[in-house]
Amino acid sequence: MKKFLIPFFSFFILLSCSHKKNSDDRNQIIMGFSQIGTESAWRVRNTESILEAARAEGIQVVYDDAQQKQENQLKALRSFIVYQVDVIAFVPIVEDGWDNILREAKDAGIPVIIVDRKIVTSDENLYDAYIGEDGLEEGRKAAQFLVKKFGKEKRSFNIMQVHGTQNSSVEKERTAGFNEIIRKEKKFTIVNDSYGDFIRSRGKEIMDTLIKQNGSFSCNGKKIDIIFSQNDSMTLGILDSLEENGIAPGSDVTVVSIDAEQKSIDALKEKKLNCVVECNPNLGPDLIMLVKRLANLKGVPKVTYITESVFTENDDFSEIEPRGY
């Protein structure tokens, strides 16, 4: 059902007269958009970027917050189909379990765009496009920083990897990209894998538990030298725990994160982080470009990746613009 309407985007060509609209707004595009939640400043900014870009184009949105539950998202997508929106866009919480609803949308003649996270489907023709991050490349960039930083070191390094939501595409891709690079280097060993669901409180909980169980910052008797955390929210929770337990992040342990929220950039400036790989939430304008092309019966690429940077302890911080999220 409609939770609220706000100008948004569409990337489709379905005739708007199929909707039950007044004659004076007959040509306005309506899109159903389901976001996974508001778990971080990054996610909030991601939603804002999309809604702002839609508003600028006079496109209307039926918005739903899935509150981190796939069943909520499936209900929302079904309601979009019943309402006969022009296009459905959603950020999938997990990779699997979307085929049936995508077939329903396709049977209804409603195109679907996957945003930010990817899906696994039996037929890629069930959706029209993906736009968002390249998780594999983000993981590679994180590992490449470590390889460069410790390239001349002769000793070995133990890594703790804090993953995001299990079975989400972004978690899988960041893990695969990171492991692809790091496992080629014999000096690095991953000694701990934990799952923090991309949530700050879980990052802190994981670190508190590890330190409490081991009596020190170690895993199975092996001192942890490096933490690779797959998003800033978990990272900030990890920093809270480390400092509370008398461990100096950035010096006692090397910390690498992904997202580049303002708080993590601030932590980088304070030498509490060593590297932050950007995951750009501001995909609204690029999304609208796809929308316009589809609305004008023009083809669009199946995959569109957003431009992203890497920020490290060696940067000139005066050149880093305020993040806005």
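Residues numbered from 1 in each chain as written. Predicted model: local features only at pLDDT ≥ 70, side-chain atom pairs only at ≥ 80, totals over all residues. Heavy atoms only, no water.

Peer 1: Before we go on, may I ask you to explain empty space enclosed by the protein in this structure?
Peer 2: Left-over empty space is what a probe sized like a water molecule reveals as it rolls over the atoms. Summed over all chains, the structure comprises two cavities of 30 Å³ or more. The calculated volume of the largest cavity comes to roughly 110 Å³. Lining the largest cavity are 13 residues, with Trp42, Arg43, Arg117, Phe198 and Asp259 sitting closest to its centre. Listed by contribution, the elements that provide at least two residues to the lining of the largest cavity are α1 (41-56) and α5 (169-182). Considering only enclosed or pocket space, the second largest cavity measures out at about 30 Å³ in volume. (1 Å grid on protein atoms, 1.4 Å probe; cavity = no way out; pocket = protein on both sides within 12 Å on 5 of 7 lines; lining within 4 Å. Points joined across faces, edges and corners; volume = space filled by probe spheres on them. Helix = DSSP H or I, 4+ residues; strand = E, 2+ residues; numbered from the N terminus.)

Peer 1: Looking at this model, I keep getting lost on the side chain of Asp116. Mind explaining?
Peer 2: Here Asp116 shows up in strand β5 (residues 112-116). Classification of Asp116 by relative accessible area gives buried; the value is 3%. Here Arg43 takes part through its side chain, which lies 3.0 Å from a polar atom of the side chain of Asp116. When neighbours within four sequence positions are excluded, Asp116 is seen to be in contact with Trp42, Arg43, Val91, Tyr130, Ile131, Gly132 and Glu133. (Buried < 20%, exposed > 50% of the residue type's maximum accessible area, 1.4 Å probe, protein only. Polar contact = N/O pair within 3.5 Å; in protein donor to acceptor, adjacent residues only side chain to side chain. Contact = heavy atoms within 4.5 Å.)

Peer 1: Explain the packing of helix α6 (residues 200-214) against helix α7 (residues 232-244) to me, please; I cannot follow it from the model alone.
Peer 2: Geometry of a packed helix pair, given as the angle between the helix axes and the separation of the axes. Here α6 crosses α7 at 35°, and the two axes come no closer than 6 Å. Judged by the sense of rotation from one axis to the other, the crossing of α6 with α7 is right-handed. On α7, the residues that touch Arg200, Gly203, Lys204, Met207, Asp208 and Ile211 of α6 are Ser233, Met234, Leu236, Gly237, Ile238, Asp240, Ser241, Leu242 and Glu244. Taken together, the residues that form the contact of α6 with α7 break down as six nonpolar, four polar and five charged. (Axes fitted to C-alpha atoms, helices over the stretch in contact; angles between N-to-C directions. Left-handed = near helix turned anticlockwise from the far one by under 90°. Nonpolar A, V, L, I, M, F, W, Y, C, P; charged D, E, K, R; others polar.)

Peer 1: What exactly am I supposed to notice about the packing of aromatic side chains here?
Peer 2: Geometrically, a pair of aromatic rings is defined through the distance of the ring centres and the angle of the planes. With the rule as written, the count across this model stands at seven aromatic pairs. Between the aromatic rings of Phe90 and Trp98, the centroid separation amounts to 4.9 Å while the plane-to-plane angle is 50°, which identifies the pairing as tilted. Residue Phe90 is classed as buried on the basis of its relative accessible area, which comes to 0%. The exposure class assigned to Trp98 is buried, which follows from its relative accessible area of 0%. Considering the side-chain rings of Tyr130 and Tyr305, the 6.3 Å spacing of their centres and the 70° angle between planes classify their relative orientation as edge-to-face. Of this pair, Tyr130 sits in strand β6 (residues 129-132) while Tyr305 sits in strand β14 (residues 303-305), and the two are 175 residues apart along the sequence. By relative accessible area, which is 2% here, Tyr130 ends up buried. Through pairs of rings, three or more aromatic residues link up here, namely Phe150, Phe157 and Phe188. Cation over ring: Lys118 sits above Tyr130, and NZ or CZ is 5.3 Å from the ring centre. (Phe/Tyr/Trp six-rings, centres within 6.5 Å; stacked < 30°, edge-to-face > 60°. Lys NZ or Arg CZ within 6 Å of the ring centre and 35° of its normal.)

Peer 1: Any chance you could explain the layout of surface pockets here in plain terms?
Peer 2: By volume, the largest pocket amounts to about 170 Å³. Lining the largest pocket are Lys141, Gln144, Phe145, Lys148, Lys149, Val310, Thr312, Glu313 and Asn314. Listing elements by their share of the lining of the largest pocket, those giving two or more residues are α4 (135-149) and β15 (310-312). Broken down by element, the lining of the largest pocket gets its largest block of residues, five residues, from α4. Classifying every residue of the lining of the largest pocket gives two nonpolar, three polar and four charged.

Peer 1: What's the story with the packing of α4 against α5 in this structure? I'm lost.
Peer 2: Between α4 and α5, the shortest axis-to-axis distance is 6 Å and the interhelical angle comes to 35°. In terms of crossing hand, the pair formed by α4 and α5 is right-handed. Of the residues in α5, those touching α4 at Gly135, Leu136, Glu138, Gly139, Arg140, Ala142, Ala143, Gln144, Leu146 and Val147 are Glu173, Arg174, Ala176, Gly177, Phe178, Glu180, Ile181 and Ile182. Tallied by class, residues from the contact of α4 with α5 come to nine nonpolar, four polar and five charged.

Peer 1: Quick question: what am I supposed to make of the pattern of salt bridges here?
Peer 2: Between side chains of opposite charge, pairing is possible as soon as their charged atoms come close. Overall, the coordinates contain 24 salt bridges when judged by the stated rule. Asp240 serves as the salt-bridge partner of Arg200, at 3.0 Å between the closest nitrogen and oxygen. Of the two residues, Arg200 is situated in helix α6 and Asp240 in helix α7; the sequence distance between them amounts to 40 residues. Asp240 gets classed as partly exposed once you look at its relative accessible area, which sits at 26%. By sharing partners, the salt bridges in this structure join Glu133, Glu138, Arg174 and Asp259 into a single network. (Salt bridge = Lys/Arg side-chain N within 4 Å of Asp/Glu carboxyl O.)

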